[in-house]
Amino acid sequence: MSPTTQSILIVGAADTGRAPIAAALLRRMAQARGYSWQIASAGVVGHDDAPLQPAARDALAVLGFAADDHIARSLTDELAAAANVLIAVDSGIARVLRSRYPQATIASLGELAGRARDIPDPAGMQVGAWLHYSREMEQLLREGFARIVATLSGETAPAPPEPVAAPPPTPLASAEPPPERQAICTRATRLLDAIQAMPDVIDWPAARGRIQTTLAELIPLAAAPTDLTALYVEAINLWLTRQPTVPAADRLKRLRTAIERAHQPVGQTEVAEVIRWVD
């Protein structure tokens, strides 16, 4: 494949925030250095056809990008196969990618830069947080750029700087659920109880939106890089978006179980289980 057709796919959770921002940053960086790579983004639980989150769009505008034409999409086998390199926005998504595509060339932003650093998902935060984390992503891409070039050219990638040791991961389970997470999940399950008690009179779109907004409060509470709460919440909220009417009792029960599971940090098994929901 010629250098002008090299393809990079940056993969996030929903493809409405970090991934398209990182793609825009890397595209500008590559063009400034004379590389004509094809750089795009996708999400492992992509909100297909959704626009950028408003604060992410505003952050891109401040950074000098016009991003009104971005449309989110889900990662597919075809997209993954067409890319020379898959760049995950964090190590949790990198683990998901490696489990799906063991033969692909995959790295997280932190790995490219030789750093034990994951950029948090600022979903629900103000534009200032998005700008801060966008600058961090830009720095990681700058530090890892030589490794991207080497990987695409088939050369031996230069050794990254010695990574700063990450703190020991927080276990995915503990005797007592973190109180903040428990309070958020309790609010969400109470909404489910109200829906189940009055399914015929409930304003489902409004109730669904309240559940999604409530669950999004869990995202900043991820306990460690091994805690895939952000992906888990995105998967649940995507499923909710696909429900045009109040779900049947068995589906509400399944949803309640999933929300109760979020009292504790979650891992890849729990995320995969929700992603497999097809109804």
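All figures in this text were calculated on a predicted structure; none of them were measured in a lab. (Residues numbered from 1 in each chain as written. Predicted model: local features only at pLDDT ≥ 70, side-chain atom pairs only at ≥ 80, totals over all residues. Heavy atoms only, no water.)

**Student:** Before we go on, may I ask you to explain the packing of aromatic side chains in this structure?
**Tutor:** The description of an aromatic ring pair rests on the distance of the ring centres and on the angle between the ring planes. Under the counting rule described, the total for this entry stands at four aromatic pairs. Of the aromatic side chains, those joined through ring pairs into one cluster are Y35, W37 and F145. Over the ring of W277 we find R254; its NZ or CZ atom is 4.3 Å from the centre of that ring. (Phe/Tyr/Trp six-rings, centres within 6.5 Å; stacked < 30°, edge-to-face > 60°. Lys NZ or Arg CZ within 6 Å of the ring centre and 35° of its normal.)

**Student:** In this structure, what is going on with the sheet that holds strand β3 (residues 85-88)? I would like to understand it.
**Tutor:** By way of backbone hydrogen bonds, the strands of a sheet pair with one another, either parallel or antiparallel. With parallel pairing, four strands are arranged side by side in an open sheet as β2-β1-β3-β4. A strand with exactly one partner marks an edge of an open sheet, and here the two such strands are β2 (38-43) and β4 (106-108). Within the sheet, the average angular offset between the axes of one strand and its neighbour, ignoring direction, is 25 degrees. Sheet topology places strand β1 (residues 7-12) next to β2; six bridges connect them, and they run parallel. Bridge assignment links I10 to a residue of β2, and that residue is S41. (Pairing = 2+ DSSP bridges. Helix = DSSP H or I, 4+ residues; strand = E, 2+ residues; numbered from the N terminus. Axes fitted to C-alpha atoms, helices over the stretch in contact; angles between N-to-C directions.)

**Student:** Where do I start with the environment of G92 in this structure?
**Tutor:** Note that G92 resides in helix α4 (residues 91-100). When the C-alpha positions of G92 and L228 are compared, they lie 6.2 Å apart, and in sequence the two are 136 residues distant. The residues contacting G92, other than those within four sequence positions of it, are L228 and L231. (Contact = heavy atoms within 4.5 Å.)

**Student:** Looking at this model, I keep getting lost on the layout of surface pockets. Mind explaining?
**Tutor:** Empty space among the atoms becomes visible once a probe the size of a water molecule is rolled across them. Estimates place the volume of the second largest pocket at around 420 Å³. Around the second largest pocket, the lining comprises 17 residues; the ones closest to its centre are H47, Q53, Q212, A216 and N237. When residues of the lining of the second largest pocket are traced back to their parent elements, those giving at least two are α8 (204-216) and α9 (229-241). The residue makeup of the lining of the second largest pocket, split by class, is eight nonpolar, eight polar and one charged. (1 Å grid on protein atoms, 1.4 Å probe; cavity = no way out; pocket = protein on both sides within 12 Å on 5 of 7 lines; lining within 4 Å. Points joined across faces, edges and corners; volume = space filled by probe spheres on them. Nonpolar A, V, L, I, M, F, W, Y, C, P; charged D, E, K, R; others polar.)

**Student:** Help me out: how do you make sense of the environment of A50 in this one?
**Tutor:** Of note, A50 is situated in the loop between β2 and α2 (54-62). You can call A50 buried: its relative accessible area is 19%. Sequence separation between A50 and R73 is 23 residues, and the spatial gap between their C-alpha atoms is 7.8 Å. For A50, the contacting residues outside a window of four places in its chain are T16, H70, I71 and A72. (Buried < 20%, exposed > 50% of the residue type's maximum accessible area, 1.4 Å probe, protein only.)

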